[in-house]
Structures are given as C-alpha cells and as structure tokens.
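Architecture and fold: a report
Here's the letter readout for the chains.
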Amino acid sequence: MSRAVESDLVERLLDGEHRALARAITKIESQSPGYRDIVSELHAHTGDASVVGITGSPGAGKSTLVDKLAKYYRDQGETVGVIAVDPSSPYTGGAVLGDRIRMASNVGDMDVFFRSMSARGQLGGLSTATADAVKALDAFGKDRIIIETVGAGQNEVDVVKTADTVVVLVQPGSGDDVQMLKAGILEIGDLFVVNKADMEGASRTVAELQEMIHLRDDPRANLDTGHHGADAFDDESADAEASDAPDDPLVWTPQVLETVATTGEGIDELVETLDEHRDYLDASGELAEKARKRAGEEIRQLLRSDVNRLLEAELDRRGGVDEFAEAVVEKETDPYAVAEDVLEPFRECLDGRDD
Amino acid sequence: MSADSEQRTIRCLIAKVGLDGHDRGAHVISRAFRDAGFEVIYSGLHRAPDEIIQATVQEDVDVLGISILSGAHNTLVPKVMAGLEEYGALDDTLVIVGGIIPEEDRPKLLEQGVDAIFGPGTPMQETIDFVKENAPERA
C-alpha cells in the first residue's frame, strides 16, 4: 500500500467523509500496513474533542446511557463519536458485538458515529487501538467522544484511561460488584453513576459508594478537616462553605449520581457534572498533565510492542519457540538461559550506544 | 504470514430489516459466525434500512448479512443497497441475504448488487466458507 493512498484517506477523513473515517479505524484496529502513517498524520488535527470513558459491569446499562448521552449532545447541536469495546472469545477470536443494539435514540443519524471494537486478544494493544481510534474521531471533528467498555480487567481499565473523564456505572444492590470495584475500578472513577435508580436498593448503593469515596480520599480529607477545624474558630461561615467541598475549582471529589437510563432521568445532571469535571481539568491544569502522561504511555506501549515484534522475529530465526520449549522440558536448558541467549544480539547493539 | 495478516478478522453485520420478527435464523448464523472466528455485530429486530446503512458504513463490516423471512425483500433490500451506494460502501461490502426468497425474485436482487442468497436448509459451513472466500480485501 502506497503512501499516497494513506494521505488520500486522511484527506477524505478530514473532509468529513464517513466512509473514510470508518476505513481509517479499520486500518487502526487491524494494524494493517500504513496505519501508523495515518495516525501520524491525524495527530496534528486532534485535541478539540472532550473524551468521556464509561465503564461498569455487564448489564449495568452502559449502552443505554451512552445512547441517551449521545442524544443529549445531538440535541445541543454537537456531533458525537462512540467507541464500544466488547470482549472477544479467547478460543476462536470471534465476538458478538452487541452494544449497537441499544443505540435506539440516534437511528440513522450519521452525526453519531458509533463503532464497535473487540478486544482481539492483543495484550495491551487494545488501549493503543482505542486511543488511535479516538484520535481519528477527534480529527474528524467530533465534539464529544464516548468510550464504552466492560470494566472487568486491566485491559479495560487501560482503555478507559484514554478518556479525560471516567464514569463508573453501578447497578443498585450490587454489593458484590461494589466489592469488585473496590479492588481496581474505584480508583479510576471521576464520577460514579448508580443507574436503574428506580430499583430497590439504589439509595443504599449510593450511600455505599459515597462511603468508599470518602475512604479513598481519607488521607487528604483528614488534613482538610484539620485545616478547616482550625479556621472554624476564626470564621464559622467560611467553614460551613468549605464543607460543601466541590466549590473549589481546583479540587475534585468524585461525585455519585443517580440515573434511570431507559427513561433519561438524571441525564441532565450527568451532563452538567461531566462539564464541571471538564472545567476542573482545565482550571487545575490536569488536562494538560493527563495529555502528557498519556503521550508518555503511548510511546512506551508502542516501543514495547515494536521490541516484542523484533524479539519474535529473532525467535523465529533461531527455529521458533517450540524448539527451545522442548529443550527446556528435556532439562537441556532453562527459560532464563534461553531468554538471555535470544536477547544477546540486542544487548550487544545497545551496549555501544552509551559512548 | 506477516503480523499484519494475522490481525485480519472478518467483521459481519447480521441485520433484521422491517417488521419481520423471526430472528432465530439471525441468532443461529450470528453464533456460527462468531464460532468461526468472525466479529459479529447483530442489529437487533425491526431495523429500518437507514439504520442498517448507518451501521454498515460506520462499522466498516466486510460482510452484511440481511435476514428476511417476511417477503418484503423486494422493498427493503433495494433501499439498503441504494444507501450503501450513496456512502460509497457498496463496492467493498459483501452483501448476502438469507431467509425465504422465492426463486423468481433472486435474479433481481443479485442484479442490485446482492452477492449471494442462502435459502432454508443451507448448511452453515457453506455460508461460512462463502464468506471466507469472498470477503473483500480491506487493504
């Protein structure tokens, strides 16, 4: 594939051609030849969209909520891009991508660009592919981009981290889910939404989440209390104001909201809070900081996969991993020795570079 | 056998168009495609041609499978084909139709750009092989 074809594709994408955007994402997703040139060219045109990640356990209502969010933004005249990530079978690589079914409010509206992606079993590659697809949507000119993923493992957590604001969706009465969240996802949420808030147990789930957020912020919260406690002697009204935490634009305390995605209840408030978080990111300089961190992570990730490919090629040159594995099983050698051996030429190459 | 071809995964959209509520066939084929290693996007029931067009264009699927058992294929399929053409997606999407399509209606559908029609009783493997052999290149 020639360079000219890629440039042409990028040009058509920037011109607003839907098919070109779709094809660019296909190339990104399948890492077909030339996809890097495409992403490189697109990079300069990115940075205008606000990116929200939505995660939560299966059945929490992510797709329905995304549908309603997209509708809200469309009603305001903004364009929307959605990337929905679903798991794929580790055995066949096949997948049924079902999130699209819920996009009922935006039927036939081409200005909602909805794209399903599967995990395709690529270690760490999914977050790279998602980040690149987001860039394509951004460069295309989408005002709002939503990434939707099942929050189950590290892979998915990495995916939502490509967003500026992360929303964690929880269903009422999911005590066990909340336990699960404690372990990993609680830390990444800027916003928690208890969906299906018309169900029994919703208020309890809200309370539990709030409690956990306070626990997570404990060290800082304690300091704050001490500080305000001292202030309180001088000026009681200031203290009263300070206890209503979110007034300070430079501090963000994760919010817990309630929605009923099927009816659209609570969507207004959600959008408002998302905007507040965006303002906070801007004002505190965290947006820029996040962008820097993300860029660094992208570089690392690319290097890792490139080096990985070099190593695979080297392994193949030496007769493939199976032969080594056989030797290891036969106790002729051990994994460490093999790794050392295969790595040797790379090390030699790099050793001289210090001088 | 480069790293690039390894990543190649066939993407399919299985679509139910119109007021036809019989989706067993669509479910069975979705599952068979998934087990064959394809990525399957299922449209859900009662979709308008516009939705199918939108999904086909945006998802950039290699294969669009339309399941129709209601007899409305002569009305619905042309609408989908015209929409695909409008967005430049007709040439590089393999369009297959499954369901109850009378023999006399087939030539017309094929003329409109449908690549194959699979009637009742078609062995699953036949459809899968057809897709594998004819899925367009996404270079």
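Residues numbered from 1 in each chain as written. Chains lettered and ligands numbered in written order. Predicted model: local features only at pLDDT ≥ 70, side-chain atom pairs only at ≥ 80, totals over all residues. Heavy atoms only, no water.

**Structural notes on the overall build of chain A**
The condition is simple: Helix and strand definitions follow DSSP, with helices as H or I runs of at least four residues and strands as E runs of at least two, each counted in order from the N terminus. When a residue's accessible area, from a 1.4 Å probe over protein chains only, is under 20% of the maximum for its type it is buried; when over 50% it is exposed; and in between it is partly exposed. Residue burial considers only the protein chains on display, and all accessible areas are found by Shrake-Rupley using a 1.4 Å probe.
In terms of regular secondary structure, chain A is built from 14 helices and 8 strands. For chain A, with 355 residues in total, the buried portion stands at 45%. About 17800 Å² of surface is accessible on chain A, with carbon and sulfur atoms providing 51% of the total.

**What about the interface of chain A and chain B?**
Interface size is often expressed as the accessible area that is lost when the parts come together. As a reminder, the rule being used: Throughout, a residue-residue contact means that at least one pair of heavy atoms, one from each residue, lies within 4.5 Å. Defined in terms of a 1.4 Å probe, buried area is the accessible area two parts forfeit on being brought together, summed over both. Whenever a carboxyl oxygen of Asp or Glu lies within 4 Å of a side-chain nitrogen of Lys or Arg, that contact is scored as a salt bridge. Polar contacts here mean pairs of N or O atoms no more than 3.5 Å apart (in protein, one a potential hydrogen donor and the other a potential acceptor; neighbouring residues in sequence count only if both atoms are side-chain atoms).
Taken residue by residue, the interface counts 33 residues in chain A and 34 residues in chain B. The contact between chain A and chain B buries some 2900 Å² in all, and 49% of this surface belongs to carbon and sulfur atoms. Looking at the side of chain A facing chain B, the largest losses of area belong to Arg19(A), Arg100(A) and Met110(A), adding up to 24% of the total buried there. Residue Glu29(A) pairs with Arg11(B) through a salt bridge whose shortest N-O separation is 3.4 Å. Applying the counting rule to chain A against chain B returns 19 residue pairs in polar contact (both at pLDDT 80 or more). Counting only elements with at least two residues in the side of chain A that touches chain B, the list comes to α2 (18–30), β3 (95–97) and β4 (112–118) of chain A.

**Considerations on the packing of aromatic side chains**
Threshold: When the centres of two rings from Phe, Tyr and Trp lie within 6.5 Å, Trp using its six-membered ring, the rings pair. Their planes under 30 degrees apart give stacked, over 60 give edge-to-face, and anything left gives tilted.
Here the structure, examined in full by the defined rule, presents 4 aromatic pairs over all chains. Taking the centre distance of 6.3 Å and the plane angle of 90 degrees together, the rings of Tyr72(A) and Tyr73(A) count as edge-to-face. Both rings, one in Phe118(B) and one in Phe130(B), keep their centres 5.5 Å apart while their planes meet at 75 degrees; by these two values the pair is edge-to-face. Here the residue Phe118(B) occupies a position in strand β5 (residues 116–118), and Phe130(B) occupies one in helix α6 (residues 124–134), the gap between them amounting to 12 residues. A residue is classified by how much of its surface remains accessible, and Phe118(B), at 12% relative accessible area, is buried.

**Brief notes about the confidence of the model for chain A**
Definition in use: Confidence scores per residue from the predictor, reported as pLDDT, run from 0 to 100.
On average, residues of chain A score 82 in pLDDT, and 82% of them are at 70 or above. Segment residues 224–246 of chain A is flagged for pLDDT under 50; beyond a separation of four residues in sequence, or across chains, it makes 6 contacts in the model.

**Details of the sheet that holds strand β4 (residues 94–99) of chain B**
Applied cut-off: A pair of strands is considered paired only if DSSP assigns at least 2 bridges between the two. Here, axes are lines fitted to C-alpha atoms. For helices the fit covers the stretch in contact, and angles between N-to-C directions go from 0 to 180 degrees.
With parallel pairing, 6 strands are arranged side by side in an open sheet as β3(A)-β2(B)-β1(B)-β3(B)-β4(B)-β5(B). The outermost strands of the open sheet, each flanked by one partner alone, are β3 of chain A together with β5 of chain B. Along the sheet, successive strands turn relative to each other by an average axial angle of 25 degrees, direction set aside. As paired elements, β3(A) and strand β2 (residues 39–42) of chain B share 3 bridges and run parallel to each other. Directly across from Val96(A), in β2(B), lies its bridge partner Val40(B). Across the sheet, helix α4 (residues 73–86) of chain B lies against β3 (63–68) and β4 of chain B, angled at about 160 degrees from β3(B), the strand it touches most.

**Overview of the confidence of the model for chain B**
Detailed conclusions should not be drawn from predicted coordinates in areas where pLDDT is low. When pLDDT is averaged along chain B, the result is 90, and 94% of the positions lie at 70 or above. Low pLDDT, under 50, characterises residues 1–6 of chain B; the stretch is placed with 5 contacts to residues that sit more than four places away or in other chains.

**Looking at the pattern of salt bridges**
All names here are of chain A. Summed over all chains, the structure comprises 32 salt bridges over all chains. Asp 75 is paired through a salt bridge with Lys 71; the nearest N and O atoms lie 3.3 Å apart. Of the two residues, Asp 75 and Lys 71 are both situated in helix α4 (residues 62–75); the distance of 4 residues between them amounts to about one turn of the helix. Accessibility expressed as a relative area gives 57% for Asp 75, which makes it exposed. Classification of Lys 71 as partly exposed rests on a relative accessible area of 33%. Here Glu 78 makes a salt bridge to Arg 144, at a shortest N to O gap of 3.3 Å. Residue Glu 78 is found in the loop between α4 and β2 (80–86), and its partner Arg 144 is found in strand β5 (residues 144–150); the two are separated by 66 residues along the sequence. Both residues of the pair, Glu 78 and Arg 144, count as buried.

**Points about the packing of helix α11 (residues 267–284) of chain A against helix α12 (residues 286–317) of chain A**
Residue and element names in this part refer to chain A. The line we're drawing: By definition in this entry, angles of less than 35 degrees are roughly parallel, angles greater than 145 are roughly antiparallel, angles of 65 to 115 are roughly perpendicular, and the rest are oblique. The residue classification treats Ala, Val, Leu, Ile, Met, Phe, Trp, Tyr, Cys and Pro as nonpolar and Asp, Glu, Lys and Arg as charged. All others, Gly included, are polar.
Relative orientation of the contacting elements α11 and α12 amounts to 85 degrees, with a least axis distance of 5 Å. Here α12 runs roughly perpendicular to α11, going by the angle between their axes. Residues Arg 278, Tyr 280, Leu 281, Asp 282 and Ser 284 of α11 lie in contact with α12, whose contacting residues are Glu 286, Leu 287 and Lys 290. Split by residue class, the contact of α11 with α12 holds 3 nonpolar, 1 polar and 4 charged.

**Digging into the side chain of Ser50(A)**
Inspection of the secondary structure puts Ser50(A) in strand β1 (residues 50–56). Residues in contact with Ser50(A), not counting those within four places in the same chain, are Asp143(A), Arg144(A), Ile145(A), Asp164(A) and Arg278(A).

**Quick look at the sheet that holds strand β6 (residues 165–170) of chain A**
Residue and element names in this part refer to chain A. Spatial strand order, β4-β2-β5-β1-β6-β7-β8: 7 strands in an open sheet with parallel pairing. This sheet does not close on itself; its edge strands, each paired only once, are β4 and β8 (255–258). Taken pair by pair, the neighbouring strands of this sheet meet at an average axis angle of 20 degrees, ignoring direction. Contacting β1, β2, β4, β5 and β6, α4 runs over the sheet at an angle of about 175 degrees to β5.

**Observations concerning helix α3 (residues 35–43) of chain A**
To keep it simple, the criterion reads: Directions are taken from the helix axis to each C-beta atom, and the arc is the one they span.
Considered for burial, the residues of α3(A) that qualify are Tyr35(A), Ile38(A), Val39(A) and Leu42(A). Taken end-on, α3(A) shows its buried residues confined to a sector of 95 degrees, consistent with a single buried face.

**Examining the pairing of strand β7 (residues 191–194) of chain A**
All names here are of chain A. Here β7 shows no split at all, with Leu 191 and Val 193 on one side and Phe 192 and Val 194 on the other all buried. With 4 bridges connecting them, β6 and β7 associate as parallel partners. Of the residues in β7, the one forming a bridge with Val 167 is Leu 191. As defined by bridge partners, β7 adjoins β8 across 4 bridges and the pair is classed as parallel. The residue of β8 that forms the bridge with Val 193 is Leu 257.

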